[in-house]
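Each chain is listed here by its residues.
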Amino acid sequence: MTGGRFQWSIAFSVKMDAVPFLEACLEPVCLAVTAFGDSDTDDDWRVEGIAADEPDRAQLKAALNAAFPDGDAPTPVIDLIPPKDWLTENLFEFPPLTVGRFFVHGSHVDDAPPLGMVPIMLDAGTAFGSGEHGSTAGCLTLLEKTAPRLKPRRVLDMGCGSGILGIAAAKLFRCPVVATDIDDEAARVTAFNADRNDVGHLVSAVSGPGYASPVVRAAKPYDLIFENILARPIRKLSKDLARHLAPGGTAILSGLLVRDAPLVITAHRRQGLRLVRHMTINGWRSLVMKKPG
Ligand SMILES: C[S@@+](CC[C@H](N)C(=O)[O-])C[C@H]1O[C@@H](n2cnc3c(N)ncnc32)[C@H](O)[C@@H]1O
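Here's a quick rundown of the structure. What you are looking at is a predicted structure, and each value in this text was computed from that prediction instead of being measured.

What counts, and at which threshold
Residues numbered from 1 in each chain as written. Predicted model: local features only at pLDDT ≥ 70, side-chain atom pairs only at ≥ 80, totals over all residues. Buried ≥ 20, exposed ≤ 12 C-beta atoms within 10 Å, placed from the backbone. Helix = DSSP H or I, 4+ residues; strand = E, 2+ residues; numbered from the N terminus. Pairing = 2+ DSSP bridges. Core = buried A, V, L, I, M, F, W, Y, C linked by C-beta atoms within 7 Å. Domains from an automatic or database assignment. Near = placed C-beta within 6 Å. Nonpolar A, V, L, I, M, F, W, Y, C, P; charged D, E, K, R; others polar. Axes fitted to C-alpha atoms, helices over the stretch in contact; angles between N-to-C directions. Left-handed = near helix turned anticlockwise from the far one by under 90°. Contact = placed C-beta atoms within 7 Å.

**Description of the pairing of strand 9 (residues 177-181)**
Right, so step 1: The buried fraction of strand 9 is high, at 5 of 5 residues.
Right, so step 2: Here strand 9 shows two buried faces, one formed by Val177, Ala179 and Asp181 and the other by Val178 and Thr180.
Right, so step 3: Across 4 bridges, the pairing between strand 8 (residues 155-158) and strand 9 is parallel. Bridge pairing in strand 9 places Met158 opposite Thr180.

**Some thoughts on the nonpolar core**
Right, so step 1: Within the largest apolar cluster, 72 residues are counted, with the highest numbers of intra-cluster contacts made by Ala168, Ala169, Ile225 and Val264.
Right, so step 2: There are two domains that each give this core at least three residues, and those are domain 1 (7-84) and domain 2 (127-290).

**Considerations on the site of the ligand**
Right, so step 1: Around the ligand, the surrounding shell holds 22 residues, and the nearest of these are Gly129, Thr136, Gly159, Gly161 and Asn228.
Right, so step 2: Sorting the residues of the shell around the ligand by element identifies helix 4 (134-146) and helix 5 (164-173) as the ones contributing at least two each.
Right, so step 3: With 3 residues, helix 4 is the largest single contributor of residues to the shell around the ligand.
Right, so step 4: Looking at the shell around the ligand, its residues break down into 12 nonpolar, 8 polar and 2 charged.

**Some thoughts on the packing of helix 1 (residues 19-26) against helix 2 (residues 57-67)**
Right, so step 1: Two elements in contact, helix 1 and helix 2, have axes whose closest approach is 10 Å; the angle formed by their N-to-C orientations is 145°. For helix 1 against helix 2, the interelement crossing comes out right-handed. Counted together, Phe21, Ala24 and Cys25 of helix 1 and Ala63, Leu64 and Ala67 of helix 2 form the full contact between these two elements.
Right, so step 2: For the contact of helix 1 with helix 2, a count of residues per class yields 6 nonpolar, no polar and no charged.

The structure is reproduced here in structure tokens:
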């Protein structure tokens, strides 16, 4: 996503409760969807989707009415946004970020990573995942905390976005990683980012919904699976996750608001997994669940 092309912003100011419903409405039509807020100030959340093409207002209204059947759908503010110089913006918007042992930085940062840190180079772009979102930061933190007890032979990054989680795992464990996303562009960006981080030989990036890709199925079982998507699709994928996870394997799940976590946990308990750890960053809860050995 380098300069040249105008894009569209679809933004809402809402209470935290509405965030997952808006994300579900925006994701099918947007290149990226972000939610900003603070779980302590419940009613001051902003959800923004960036779309390549002008949104179909009637279609968006229908999706909003379906998501808010009580007639209380929030009104979007739709704007045409000028082409961005992503690199320049990056200098201001994406300073290096430290999450646990991971040092996530843009390509404009020349400094050597602090001693003992694992560097991950990513530029802002068309795929979600620069590390600062509470769900991504939660996954990276939980990865670091569980890593000493893990020796995965294969890792799956489901909903890879920029590939940040798969790249982090490839760097930590030096094992093959399959990264997949429903969005073709995310698969492309992940392959590009994996190469830039010298783990291109370990990361296979493919696109397809959930576990549908033959590459995803062929590489199972996985000892570690990330799913940082949203509560609803994560629940729907729980059976597939359990089938693809090796005995004794670990799942790191995120993209859930705190109140959604019990339903996600229940769905995975039904598949025989147990919760071993969780954490919350900015209202986003991340879980570690394990399959019995
Ligand atoms: C919140 S982003 C996470 C990106 C990155 N893994 C991270 O941790 O920052 C969720 C990603 O899941 C993808 N996604 C949504 N539904 C999906 C599905 N059913 N199957 C695969 N990917 C999906 C989206 O396209 C998006 O890139």
